[in-house]
Amino acid sequence: VMSILPAIIFGDQLQQITQGQLGVTEVLISTGVNGVIWSFVAGQPLILMGVTGPVMLFVTTVYSLADLIAAPFVPWLGWICVWSGLMHVLLAAAGAVSLVQSVTNFSGEIFGFFISIVYIYDALS
């Protein structure tokens, strides 16, 4: 239930934003597949699987940019995910996790502030 309700809510919003190119069905399937893979590979039960608010804002921005440059949305989003996944693997292999000590609480608070400003802006527009 903890994964299904946000998937339905965010999936409905994504379906409206992307004119049906990404919706509830895709979000539910990807949440389920990710949960199964995560349970076999990671073994960490306290991670949030699926779409969250910042992910929805990111996909909304990608859709807006794809529309602006007249690029097909789904293939472009797919390539963005492939490249970001590749960068995550390379950073993990390089041991970049040791740089987390350099990040302060201030960085996390600024990110949270940015997310709240975006939500307020979306609500007012």
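Every chain is numbered independently, its residues counted from 1 as its sequence is written. Note on the predicted model: pLDDT of at least 70 is required for a residue's local features to be given, and 80 or more for side-chain atom pairs to be given and counted; whole-chain, interface and lining totals, by contrast, use all residues. Where side-chain values are given, they derive from all heavy atoms of the structure, hydrogens and water being excluded.

J.: What am I meant to see in the packing of helix 1 (residues 4–17) against helix 2 (residues 24–41) here?
T.: Relative orientation and spacing of two packed helices are given, respectively, by the angle between their axes and the distance between those axes. Orientation of helix 1 relative to helix 2, taken along the N-to-C sense of each, is 145°, at an axis distance of 7 Å. At the point where helix 1 passes helix 2, the crossing takes the right-handed sense. Contacts from Ile4, Ala7, Ile8, Gly11, Asp12, Leu14 and Gln15 in helix 1 reach Val24, Val27, Leu28 and Thr31 in helix 2. For the contact of helix 1 with helix 2, the per-class residue count stands at seven nonpolar, three polar and one charged. Each axis is a line fitted through C-alpha atoms, and for a helix only the stretch in contact is used; angles between axes span 0 to 180 degrees, taken between their N-to-C directions. Labels follow the DSSP assignment, with helices taken as runs of H or I lasting at least four residues and strands as runs of E lasting at least two, numbered in each case from the N terminus. We call a crossing left-handed when the near helix sits turned anticlockwise from the far one by less than a right angle, and right-handed when that turn is clockwise. Residue contacts are defined here by distance: any two heavy atoms, one from each residue, within 4.5 Å place the two residues in contact. Under this grouping Gly is polar, as are all residues other than the nonpolar Ala, Val, Leu, Ile, Met, Phe, Trp, Tyr, Cys and Pro and the charged Asp, Glu, Lys and Arg.

J.: How do you make sense of unusual backbone geometry when you look at a structure like this?
T.: A negative phi angle characterises most non-glycine residues, just as the trans form characterises most peptide bonds. Positive phi is not limited to glycine here, since Gln19 has a value of about 55°. One can find Gln19 in the loop between helix 1 and helix 2. Positioned with a positive phi, Ala70 is a non-glycine residue whose angle comes to about 60°. As for its placement among the helices and strands, Ala70 is situated in the loop between helix 3 (53–68) and helix 4 (73–93). For Ala70, a relative accessible area of 70% puts it in the exposed group. Only protein chains enter the area calculation, which uses a 1.4 Å probe; residues under 20% of their type maximum are buried, those over 50% are exposed, and those in between are partly exposed.

J.: Please explain helix 3 as it appears in this structure.
T.: An α-helical turn contains 3.6 residues, so a residue and the one three or four places further along point in the same direction. Look at helix 3: 23 Å from first C-alpha to last across 16 residues, which is about the 22 Å you get at 1.5 Å a residue. Buried within helix 3 are the following residues: Gly53, Met56, Leu57, Val59, Val62, Tyr63 and Ala66. Elements that come into contact with the buried residues of helix 3 comprise helix 1, helix 4 and helix 5 (105–124). Backbone geometry just downstream of helix 3 places Ala70 in the positive-phi region, at approximately 60°. By this rule, a helix spans an expected 1.5 Å times one less than how many residues it contains.

J.: Could you clarify how one ought to interpret the nonpolar core in this entry?
T.: Soluble globular proteins tend to bury their nonpolar side chains together. To define a nonpolar core, start from buried Ala, Val, Leu, Ile, Met, Phe, Trp, Tyr and Cys residues and group those joined through side-chain atoms within 4.5 Å. Counting 13 residues, the largest nonpolar core has Leu14, Leu22, Val51 and Phe73 as the members making the most contacts within it. Aside from chain neighbours lying at most four places away, what touches Val51 is Pro6, Phe10, Leu14, Val27, Thr31 and Met56.

J.: What is the right way to look at the side chain of Thr31 in this model?
T.: Mapped onto the elements of the fold, Thr31 is located in helix 2. Separated by 2.7 Å, the side chain of Thr31 and the backbone oxygen of Val27 make a polar contact. Among residues more than four places away in sequence, those in contact with Thr31 are Ser3, Ala7, Met49, Gly50 and Val51. Nitrogen and oxygen atoms within 3.5 Å of one another constitute a polar contact, given that in protein one can donate a hydrogen and the other can accept it, and given that sequence-neighbouring residues count only through two side-chain atoms.

J.: Where do I start with the confidence of the model for the chain in this structure?
T.: Residues shown with low pLDDT carry predicted positions that ought not to be read at fine detail. Across the chain, pLDDT averages 87, with 95% of residues at or above 70. On a scale of 0 to 100, pLDDT captures the predictor's confidence in every residue. The lowest-confidence element of the chain is helix 5, averaging 85 in pLDDT; the highest-confidence one is helix 4, averaging 94.

J.: How should the packing of aromatic side chains be read in this particular structure?
T.: Each aromatic ring pair is specified by the distance between its two centres and by the angle formed by the two planes. By convention, a stacked pair of Phe, Tyr or Trp rings (six-membered ring in the case of Trp) has centres within 6.5 Å and planes under 30 degrees apart, an edge-to-face pair has planes over 60 apart, and any other such pair is tilted. If you walk through the whole model with that rule in mind, you get one aromatic pair. Ring centres 5.1 Å apart and planes at 80° place the aromatic pair Tyr63 and Phe73 in the edge-to-face group. Of this pair, Tyr63 sits in helix 3 while Phe73 sits in helix 4, and the two are ten residues apart along the sequence. Its relative accessible area of 12% is what places Tyr63 among the buried residues. Take Phe73: its relative accessible area is 4%, and that puts it in the buried class.

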